[in-house]
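Each chain is listed here by its residues.
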Amino acid sequence: MDAADEQRFREFVSARSPALMRLGFLLTGGDQHAAEDLVQTALAKLASRWRRVEAPEAYAKQIMYRQQISWWRASTRRGEVVQATPPELAGQDLNHQSELRMVLRTALARLTARQRTVLVLRYFEDLPEQDVARALGCSVGTVRSTAHRSLARLREIAPELAQELEVAK
């Protein structure tokens, strides 16, 4: 591409990029980043054939249509599914999670203040035993034994939490 062609290409990009972005936005279903990728791909391909193209905007649009179809086909072959929420979250039973939270809250209320504090600091705040001991002004051994007894008491009070409490072991 000589200097004159490069200047005409730059002028085309400057003048038509907003319209191409709007088209890209519509083609990608409103995905801004995918639209930018689509326009960039089209402009890169157009630049390589700039001298031979008679209708640059029509050519760029055709590239965008075909590229979007190629990306769509490739994603369906890979089995990708675009979702508003991650699949890990979509499959969870939120009612079950709410029930577990209520059971845990009730069970924690039946523990002593020291037991609750040790469990919250150790497992909810994820503090090391040394930090919990320092915060409570006791030994690491006391933290370990209190945590062990507190978990055992929770299993006794709320057997439905057994599976979740296994993670804390």
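The shown structure was predicted, so the numbers you read here are calculated from the model rather than taken from an experiment.

Caption draft 1: Region of the structure containing the packing of aromatic side chains. Counted by the stated rule, this structure contains 2 aromatic pairs. Aromatic pair Phe9 and Trp50: ring centres 5.2 Å apart, planes at 80°, arrangement edge-to-face. Placement of Phe9 in helix H1 (residues 3-27) and of Trp50 in the loop between helix H2 (32-48) and helix H3 (56-78) is noted, with a sequence separation of 41 residues between them. Under the relative-accessibility criterion, Trp50 is labelled buried at 10%. Centre to centre, the rings of Phe12 and Trp50 are 5.7 Å apart; their planes meet at 50°, and the pair counts as tilted.

Caption draft 2: Representation of the nonpolar core. Within the largest apolar cluster, 14 residues are counted, with the highest numbers of intra-cluster contacts made by Phe12, Leu20, Leu43, Leu46 and Met64. Those elements giving two or more residues to this core turn out to be H1, H2 and H3. Top contributing element to this core by residue count: H2, with 5 residues. Leu20 has contacts with Phe12, Val39, Leu43, Ala60, Lys61 and Met64, leaving out every residue within four places of it along the chain. Listed in part, the 10 residues of the second largest apolar core include Leu119, Leu151, Ile157 and Ala158.

Caption draft 3: The arrangement of the packing of helix H7 (residues 129-136) against helix H8 (residues 140-157) in detail. Running from amino to carboxyl end, H7 crosses H8 at an angle of 100°, the nearest separation of the two axes being 8 Å. When the axis of H7 is compared with that of H8, the two are roughly perpendicular. When H7 is examined against H8, the residues Glu129, Gln130, Val132 and Ala133 are found in contact with a partner set consisting of Val140, Val143 and Arg144. Of the residues belonging to the contact of H7 with H8, the class tally is 4 nonpolar, 1 polar and 2 charged.

Caption draft 4: Main features of the pattern of salt bridges. Counted according to the given criterion, the structure contains 9 salt bridges. For the salt bridge of Arg51 with Asp5, the shortest nitrogen-to-oxygen distance reads 2.7 Å. On the criterion of sequence distance, the pair formed by Arg51 in the loop between H2 and H3 and Asp5 in helix H1 is long-range, its members being 46 residues apart. The salt bridge partner of Glu6 is Arg10, with a shortest N-O separation of 2.9 Å. Placement of both Glu6 and Arg10 in helix H1 is noted, with a separation of 4 residues, approximately one turn of the helix.

What counts as what
Residues numbered from 1 in each chain as written. Predicted model: local features only at pLDDT ≥ 70, side-chain atom pairs only at ≥ 80, totals over all residues. Heavy atoms only, no water. Phe/Tyr/Trp six-rings, centres within 6.5 Å; stacked < 30°, edge-to-face > 60°. Helix = DSSP H or I, 4+ residues; strand = E, 2+ residues; numbered from the N terminus. Buried < 20%, exposed > 50% of the residue type's maximum accessible area, 1.4 Å probe, protein only. Core = buried A, V, L, I, M, F, W, Y, C linked by side-chain atoms within 4.5 Å. Contact = heavy atoms within 4.5 Å. Axes fitted to C-alpha atoms, helices over the stretch in contact; angles between N-to-C directions. Parallel < 35°, antiparallel > 145°, perpendicular 65-115°, else oblique. Nonpolar A, V, L, I, M, F, W, Y, C, P; charged D, E, K, R; others polar. Salt bridge = Lys/Arg side-chain N within 4 Å of Asp/Glu carboxyl O.

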